[in-house]
Amino acid sequence: MKKTFNVGMIGYKFMGKAHSHAYKDLPMFFPQTAIPKMKLICGRDESGVRQATEQFGWDGYVTDWRELVTNPEIDIVDINAPSDAHKEIALAAAKAGKHLFCEKPLALTLADAREMLEAAEEAGVKHMVGFNYRFAPAVQLAKKLVESGRLGQIYHFRAWFLQDWIVDPTFPLVWRLQKEIAGSGSHGDLGAHLIDLAHFLVGDMTEVIGMSETFVKERPLPTSMTGLSAKGSKDAPHGPVTVDDATLFMARFANGALGSFEATRFAPGHRCTNSFEINGSKGSVKFDFERLNELQVYFTSDDEDVQGFRRVLATDAAHAYMDAWWPAGHTIGYEHTFVHEVVELMTALSEDRQPVPNFVDGVKCQEVLEAVDQSIAQRRWVSISEV
């Protein structure tokens, strides 16, 4: 019989909806994969979590995460609550022998992330961190071209994640703008994805140097918030913004490549421009999440009269995961990256191996985040080995 794993999920808003969608769709499109059973969902607001239970299709709900992680029927604890809750929940779930699926960034600090990894390893449980952009077929194609050597020696990795949802200075002070809850701003929220893509596609970094800025220092307190939206009044009491609005840094890779990274929420016109470009001795690739089904590919070996970037539509069955979806040319979207992420989680559990990316990758990402922060504070290059 096909294996089934009971899931208990903590959090039910933006990421909770994305994860729920993935659990529901997986059995339909990947029927050979182990089945995630949507057993329990948890949230502090009983009215909200009750509605989410019905809307998303969970069997039941609780309002205390401790009740969920100690429930003997739960196999996997999915943590997509705000970042300040990750560590406490993960440690308790690992102690209870539950497999862990945690959204990024893994923790508020590198020390906390390392403690989470150590707890998971000591408990002998499987652990995964939610870097969903790895799972876009076009990104998987970029990985294939790098690993196969078709781009040659890698010289450059440049990446940028640009958003504009807080450009208005009257936008409320949501939790993502509070360091004690979020850990950091654009750097940890957006930059973490760029760092993981760099690790996935190019390799480890050795040193970094960065700068950051908070453009709006105070904002009105919110009356309600969900996802990347919030309500409030410009006349409401104000509170301090304690995270970065934008962070940029440069990096050196262990393989000799150079990297540049930019993460900002102050780029008008950019709703979710998550992009990277890789340049090698034999070619280049370019990716833009707003056109996530496409990879721009250039090879120096092409005849001179036809040289140039070509648009590869990564929807054929030859591309990762695409044989499970629609006919070639019928594109997929953001939510499918989470389905593919859960495919990896369920497959790894069935095969009794660690899924990838896991808490090791989460710790590596946190090392770079903190090295950049240290570089900004000390105004110098910082080696990753220093943190």
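Keep in mind that this is a model prediction, so the values were computed, not measured.

1. Section: the environment of A96
Residue placement: A96 occurs in the loop between α4 (86–95) and β5 (99–103). Using a relative accessible area of 34% as the deciding quantity, one classes A96 as partly exposed. Linking A96 and I74, residues 22 residues apart in sequence, is a C-alpha distance of 9.9 Å.

2. Considering helix α9 (residues 334–351)
Since one α-helical turn is 3.6 residues long, residues separated by three or four positions face the same way. Spanning 18 residues, α9 covers 27 Å between terminal C-alpha atoms, matching the ideal 26 Å at 1.5 Å per step. Here α9 lies mainly inside the structure; 13 of its 18 residues are buried.

3. Observations concerning the nonpolar core
Membership of the largest hydrophobic core comes to 112 residues, with the highest contact counts inside it found for V77, F157, L201, M205, F261, F276 and I278. For this core, the element with the most residues is helix α8 (residues 186–201), which contributes 8 residues. Aside from chain neighbours lying at most four places away, what touches F276 is V139, A142, F157, R158, A159, W160, L197, L201, V285, K286 and F287. Core analysis: the next-biggest nonpolar cluster, separate from the first, contains 10 residues, L173, V216, V243 and F266 among them.

4. With respect to the sheet that holds strand β17 (residues 294–299)
Taken in spatial order, the 9 strands line up as β18-β17-β16-β15-β7-β14-β13-β8-β19 in an open sheet, and their pairing is mixed. For this open sheet the edge positions go to β18 (310–313) and β19 (382–383), each flanked by a neighbour on one side alone. Of the strand pairs in this sheet, strand β15 (residues 273–280) and strand β16 (residues 283–288) are connected by 5 bridges, and their pairing is antiparallel. Each bridged residue has a counterpart across the sheet, and for N279 the counterpart in β16 is S284. Its contacts with the sheet place helix α10 (residues 359–378) against β8 (205–213), β13 (246–253) and β19, and it is angled at close to 55 degrees to β8.

5. Details of unusual backbone geometry
A cis geometry characterises the amide bond from K104 onward to P105, with omega recorded as -15 degrees. With respect to the element layout, P105 can be found in the loop between β5 and α5 (110–123). Of the consecutive residues V356 and P357, the connecting peptide bond is found in the cis state with omega at 5 degrees. Of note, the phi angle at D352 is positive, near 60 degrees, even though the residue is not glycine. D352 sits in the exposed class, given a relative accessible area of 60%. Positive phi outside glycine occurs at R379, with the angle close to 55 degrees.

6. Some points on the pairing of strand β6 (residues 127–130)
On a regular strand, each side chain points to the face opposite its neighbour's, so the side chains alternate between the two faces of the sheet. Burial along β6 is two-sided: the residues H127 and V129 and M128 and G130 are all buried. With respect to chirality, the unit in which β5 leads through α5 into the neighbouring parallel β6 is right-handed.

7. Structural notes on the UniProt feature "domain: Gfo/Idh/MocA-like oxidoreductase N-terminal" (unreviewed entry) in the chain
Residues annotated in UniProt with the feature "domain: Gfo/Idh/MocA-like oxidoreductase N-terminal" (unreviewed entry) correspond here to residues 5–131. Within the segment residues 5–131, helix and strand shares are 44% and 24% respectively, and the terminal C-alpha atoms sit 21 Å apart.

8. Re α4
Of the positions making up α4, those classed as buried are H86, I89, A90, A93 and A94. Buried residues of α4, viewed axially, fall in a sector of 125 degrees; they line one side. Residues of α4 that are buried sit in contact with β1 (4–10), α3 (65–69), β4 (76–79), β5 and α5. One or two positions beyond α4, positive phi appears at G97, with a value near 80 degrees.

9. Section: the environment of E67
Within the element layout of this structure, E67 appears in helix α3. According to the relative accessible area criterion, E67 is partly exposed, its value standing at 48%. C-alpha of E67 to C-alpha of C42: the two residues are 25 residues apart in sequence and 9.1 Å apart in space.

10. What to know about the state of the cysteines
By the definition in use, this model includes 0 disulfides. In this structure C42 is not part of a disulfide, and its nearest cysteine sulfur, from C102, lies 14 Å away. By relative accessible area, which is 4% here, C42 ends up buried. Residue C272 stays outside any disulfide, its sulfur separated by 16 Å from that of C365, the closest cysteine.

Analysis parameters
- Residues numbered from 1 in each chain as written.
- Predicted model: local features only at pLDDT ≥ 70, side-chain atom pairs only at ≥ 80, totals over all residues.
- Heavy atoms only, no water.
- Helix = DSSP H or I, 4+ residues; strand = E, 2+ residues; numbered from the N terminus.
- Buried < 20%, exposed > 50% of the residue type's maximum accessible area, 1.4 Å probe, protein only.
- Expected span 1.5 Å × (residues − 1).
- Core = buried A, V, L, I, M, F, W, Y, C linked by side-chain atoms within 4.5 Å.
- Contact = heavy atoms within 4.5 Å.
- Pairing = 2+ DSSP bridges.
- Axes fitted to C-alpha atoms, helices over the stretch in contact; angles between N-to-C directions.
- Right-handed = clockwise from strand over helix to strand, strands pointing away.
- UniProt positions renumbered as here; feature names shortened; annotations may be inferred.
- Arc of directions from axis to C-beta.
- Disulfide = S-S within 2.5 Å.

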